[in-house]
2 protein chains.
Amino acid sequence: MEGLTYREIEEIQPKAGEVRIRLKTAGLNHRDLFVLTRHKPTDPPLIVGSDGAGVVEAIGEGVEGIQAGEEVIINPGLGWQKNSEAPPVGFEIVGLPDHGTFAEKIVLPAENAVRKPAHLTWEEAGVLSLAALTAYRALFTRGKIQKGMKVLIPGIGGGVATFLLQFAKAAGAVVYVTSRSEEKAKKALELGADKAIDSNEDWHKALDGEKMDLVIECVGAATFNKSLEQLRPGGTIVTFGASTGDEVTINLRTFFYGQFNLLGSTMGSAEEYEEMLKFVEMHELKPIIDTVYPLSEFEQAFKRLEEAEQLGKICFSIPE
Amino acid sequence: MEGLTYREIEEIQPKAGEVRIRLKTAGLNHRDLFVLTRHKPTDPPLIVGSDGAGVVEAIGEGVEGIQAGEEVIINPGLGWQKNSEAPPVGFEIVGLPDHGTFAEKIVLPAENAVRKPAHLTWEEAGVLSLAALTAYRALFTRGKIQKGMKVLIPGIGGGVATFLLQFAKAAGAVVYVTSRSEEKAKKALELGADKAIDSNEDWHKALDGEKMDLVIECVGAATFNKSLEQLRPGGTIVTFGASTGDEVTINLRTFFYGQFNLLGSTMGSAEEYEEMLKFVEMHELKPIIDTVYPLSEFEQAFKRLEEAEQLGKICFSIPE
């Protein structure tokens, strides 16, 4: 948490094509922890944070279709409009290198201020974007989830994994989750998981030998090969995270005899963001909120995330 | 080569749905070397060999659409008809557990005896099937090759790799290959490769930093990570072999930030076999023959394959 401070800076005016938003809420992500390690003391000061929601209060030249007073949610992806195999060169995420959402106000391209879904509270809207977009691309664009598919989500608990569970259930899949925490497993069952197993158990036994059409992996080294072993022939594993370590050793022969697919995924395009919002509205899905902190208590919030104590998202409320 | 002998056995009669073929030629594959290691001295005697071509000489009950005297080529896949993500349970390849093609005659399901393409000699037809089908599924079904794509084939020389080169060029791709052998690299250029680099060089430098849409990997441990490094964001690597070792360590973070795809492939269905034959006929492609041995000289042939001296396929001619 070294180098993090909470202080006044000068108000920024929106340039052509930009809007300024008075933020009501913001959401904490693992990315914010990474940004802290990447930002050097010699770099210019930076406001971290990728997720947020609020009200448009100033509009730059040439911006159409958006009005002051409009309630908006922020798409944190900068420069990735149409869906594509990979983001274009120059793609960035709000909160590095440009200022982010842990602030009273933010200036960003008008296209990144999207109409807030009416069924979400400010807290729910504030924590949705980065995790829900990541989950959406991993599950739909990459994993091509279909009704009736068997889907395994190792390491339930984090923001993205919780969206994965909600989205997969809403899409009509049979969803199994793993967790080291009995409490998180119990919560996952309440959220609709068809089975929640202890990560330390023998997965094959705990799943009664059932094989998966799709595994969505964000745990990395600690579970990756256990995940691979659960695939049916021709099954798919989507990887978008590696919180327990990046390096995994796989057996190619087992992999190609199994005709498996390993697909990498990160974030998503503006087009997928719109699709995700439609899906969330259609199924009236709401993010699971773990805790809401006033922005001034950022240290406690970062600590809770760092220690992986949360189930669901950590939210900041931003003072008027 | 222990346990390999060349001797007379009793002629087998085709049962209902089967045909007997008088073989003219057969083709040697790496699979035949594997089979030798898998077949135990206590197992019943087995005729090895998956590839072959010949003339139908006896027809079992209920077989329609095929006549005695017809010139046929053998599809070595048993029990995988329609294209699918993975072969059905019970899928086997000719030559284990059932008798194979290194013989004067073979009995097998009538659907596995397919009309021989007219533009191929008996030698060419005899070595086509297993390698060309494997290459076809890897490149077309799995790799979804398109005109203009940049394709890298590490380890040119083996039977499948040579078909990959021919098929990819016929499909309109830009094709780069690697080899440790100067002679094989030269031969690949003659066959149409756009660039042939030394496997021991720095690939990035040797390819002038060009990134690949598709890499088709059958080398395994020795080249796998070099292959991954050559992918463009969102690019695909198809793996179907691991002759230098099965175990590879990959970095998941690099993989998912790159939005890469790793797809396993083996063999192919009867549907893909028909498509492959059509493609071969349309483009008048011919297998590259390394050497033709009389079947009685099987020991020399196995030795040549084991020592990876060949470029293209090793063929057996079968005495009348």
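For the structure, see preceding data.
Residues numbered from 1 in each chain as written. Chains lettered and ligands numbered in written order. Predicted model: local features only at pLDDT ≥ 70, side-chain atom pairs only at ≥ 80, totals over all residues. Heavy atoms only, no water.

With reference to specific residues and values, describe the overall build of chain A.
When helices and strands are counted, chain A shows 10 helices and 16 strands. Taken over C-alpha atoms, the radius of gyration comes to 20 Å for chain A, in line with the 20 Å a tight globule of 320 residues would show. Seen through its C-alpha atoms, chain A measures out along the principal axes to roughly 60 × 40 × 35 Å. The buried share of chain A, taken over its 320 residues, is 56%. Working note: accessible area of chain A is about 13900 Å², and carbon and sulfur atoms make up 49% of it. (Helix = DSSP H or I, 4+ residues; strand = E, 2+ residues; numbered from the N terminus. Rg over C-alpha atoms; globule rule 2.2 N^0.38 Å. Buried < 20%, exposed > 50% of the residue type's maximum accessible area, 1.4 Å probe, protein only. Areas by Shrake-Rupley, 256 points an atom, 1.4 Å probe, with all protein chains shown as cover.)

Provide a residue-level description of the interface of chain A and chain B, including the pertinent values.
At the junction of the two partners, chain A supplies 35 residues and chain B supplies 35 residues. With both sides pooled, the region where chain A packs onto chain B buries about 3100 Å², and carbon together with sulfur makes up 51% of that total. Looking at the side of chain A facing chain B, the largest losses of area belong to Leu252, Phe256 and Gln259 of chain A, adding up to 23% of the total buried there. Along the contact surface separating chain A from chain B lie four salt bridges. Close ionic contact of arginine 253 of chain B with aspartate 246 of chain A constitutes a salt bridge, the shortest N to O distance being 3.1 Å. Linking chain A to chain B there are 26 residue pairs in polar contact (both at pLDDT 80 or more). Of the residues that constitute the side of chain A that touches chain B, the class distribution is 17 nonpolar, 11 polar and seven charged. Both strand E14 (residues 261-264) of chain A and strand E14 (residues 261-264) of chain B contribute to a ladder of three bridges, which runs antiparallel. Each residue of the ladder has a partner; that of leucine 263 of chain A, found in E14 of chain B, is asparagine 261 of chain B. (Contact = heavy atoms within 4.5 Å. Buried area = accessible area lost by both parts, 1.4 Å probe. Salt bridge = Lys/Arg side-chain N within 4 Å of Asp/Glu carboxyl O. Polar contact = N/O pair within 3.5 Å; in protein donor to acceptor, adjacent residues only side chain to side chain. Nonpolar A, V, L, I, M, F, W, Y, C, P; charged D, E, K, R; others polar. Pairing = 2+ DSSP bridges.)

Can you break down the relation of the copies chain A and chain B residue by residue, with the values?
For the match of chain A to chain B, the screw axis carries a shift of 0.0 Å, the RMSD comes to 0.0 Å, and the turn is 180°. Each copy turns onto its partner about a two-fold axis. Taking the C-alpha atom as reference, chain A places threonine 249 of chain A closest to the rotation axis, 2.0 Å from it. (Least-squares fit on C-alpha atoms with pLDDT ≥ 70 in both.)

Mind laying out the sheet that holds strand E10 (residues 195-198) of chain A, listing which residues take part and the relevant values?
Strands sit in the order E10(A)-E9(A)-E8(A)-E11(A)-E12(A)-E14(A)-E14(B)-E12(B)-E11(B)-E8(B)-E9(B)-E10(B) across an open sheet of 12 strands; the sheet is mixed. Whereas interior strands pair on both sides, the edge strands pair on one side only; in this sheet they are E10 of chain A together with strand E10 (195-198) of chain B. Strand after strand, the sheet turns through a mean of 20° between neighbouring axes, direction not considered. Relative to strand E9 (residues 174-179) of chain A, strand E8 (residues 150-153) of chain A runs parallel, the two sharing four bridges. When the bridges of E9 of chain A are listed, leucine 152 of chain A appears paired with tyrosine 176 of chain A. Taken strand by strand, helix H4 (residues 159-170) of chain A contacts E8, E9 and strand E11 (212-217) of chain A, and its axis lies near 160° from that of E9 of chain A. Strands in contact with helix H4 (residues 159-170) of chain B are strand E8 (150-153), strand E9 (174-179) and strand E11 (212-217) of chain B; relative to E9 of chain B, the strand with the most contacts, it is inclined by about 160°. (Axes fitted to C-alpha atoms, helices over the stretch in contact; angles between N-to-C directions.)

I'd like a description of the packing of helix H3 (residues 129-142) of chain B against helix H9 (residues 270-282) of chain B, backed by residues and values.
Residue and element names in this part refer to chain B. Closest axis-to-axis distance for the H3/H9 pair is 9 Å, and the angle between their directions is 95°. The angle between H3 and H9 places the two elements in the roughly perpendicular class. Contacts between H3 and H9 involve Ser129, Ala132, Leu133, Tyr136, Arg137, Phe140 and Thr141 from the first element and Glu272, Tyr273, Glu275, Met276 and Phe279 from the second. Tallied by class, residues from the contact of H3 with H9 come to seven nonpolar, two polar and three charged. (Parallel < 35°, antiparallel > 145°, perpendicular 65-115°, else oblique.)

Quick one: what's the story with unusual backbone geometry, residue by residue and with numbers?
Residues and elements named next belong to chain A. Going from leucine 96 to proline 97, the amide bond is cis rather than trans, its omega being 5°. As for its position among the elements, proline 97 is in the loop between strand E5 (92-93) and strand E6 (105-109). With a phi close to 55°, aspartate 208 is a non-glycine residue in the positive phi region. With respect to the helices and strands, the residue aspartate 208 is situated in the loop between helix H6 (203-206) and E11. The exposure class of aspartate 208 is exposed, given its relative accessible area of 61%.

Quick one: what's the story with the packing of aromatic side chains, residue by residue and with numbers?
This structure, assessed with the given rule, holds 22 aromatic pairs over all chains. On the basis of an interplanar angle of 65° and a centroid distance of 6.4 Å, the ring pair of tyrosine 136 of chain A and phenylalanine 279 of chain A is categorised as edge-to-face. You can see tyrosine 136 of chain A sitting in helix H3 (residues 129-142) and its partner phenylalanine 279 of chain A sitting in helix H9 (residues 270-282), a full 143 residues away along the chain. A single burial state applies to tyrosine 136 of chain A and to phenylalanine 279 of chain A, both of which are buried. Taken together, a centroid distance of 6.3 Å and an interplanar angle of 90° make the contact between phenylalanine 102 of chain B and phenylalanine 302 of chain B edge-to-face. (Phe/Tyr/Trp six-rings, centres within 6.5 Å; stacked < 30°, edge-to-face > 60°.)

Tell me what's going on with the environment of threonine 223 of chain B, and back it up with residues and numbers.
Residue and element names in this part refer to chain B. Structurally, the position occupied by threonine 223 is in the loop between E11 and helix H7 (224-229). You can call threonine 223 buried: its relative accessible area is 8%. Counting along the chain gives 82 residues from threonine 223 to leucine 305, while the straight-line C-alpha distance between them is 20 Å. Setting aside residues up to four positions removed in sequence, threonine 223 forms contacts with Pro154, Trp203 and Glu217. A distance of 2.5 Å separates the side chain of threonine 223 from the side chain of glutamate 217, its partner in a polar contact.

Would you mind going over the environment of valine 174 of chain A in detail, with residue names and values included?
Residue and element names in this part refer to chain A. Here valine 174 lies in strand E9. The partly exposed category is assigned to valine 174, whose relative accessible area is 26%. Through-space distance from the C-alpha of valine 174 to that of leucine 189 is 12 Å; in sequence the pair is 15 residues apart. Ignoring sequence-local partners within four residues, the contact set of valine 174 consists of Gly148, Met149, Lys150, Val151 and Asp194.

Explain the nonpolar core to me, using residue names and the numbers behind them.
Across soluble globular proteins, nonpolar side chains show a tendency to be buried alongside one another. In this structure, Ile145 and Phe167 of chain A together with Phe167 of chain B are the most contacted members of the largest nonpolar core, which totals 100 residues. Not counting the four nearest positions on each side in its chain, phenylalanine 167 of chain B is found in contact with Ala132, Ala135, Tyr136, Leu139, Phe140, Met276, Phe279, Val280 and Leu285 of chain B. One finds Ala242, Ile250 and Leu252 of chain A together with Ile237 of chain B within the second-largest nonpolar core, a separate group that totals 40 residues. (Core = buried A, V, L, I, M, F, W, Y, C linked by side-chain atoms within 4.5 Å.)

Tell me about the side chain of aspartate 51 of chain B, and please be specific about residues and values.
All names here are of chain B. Here aspartate 51 is to be found in strand E2 (residues 51-59). One buried charge, aspartate 51, has no salt-bridge partner; the nearest side chain with opposite charge is lysine 313, at 4.3 Å. Of the polar contacts made by the side chain of aspartate 51, one reaches the backbone nitrogen of leucine 130; its length is 2.8 Å. When neighbours within four sequence positions are excluded, aspartate 51 is seen to be in contact with Ala26, Gly27, Asn29, Pro76, Thr101, Gly126, Val127, Leu128, Ser129, Leu130, Ala131 and Lys313. (Lys, Arg positive; Asp, Glu negative; His and termini not counted.)

So what's going on with the side chain of aspartate 213 of chain B? Residues and values would help.
All names here are of chain B. Position of aspartate 213 relative to the elements: it lies in strand E11. In terms of polar contacts, aspartate 213 uses its side chain to reach the side chain of arginine 232, at 2.6 Å. Not counting the four nearest positions on each side in its chain, aspartate 213 is found in contact with Met149, Lys150, Leu231, Arg232, Gly235 and Thr236.

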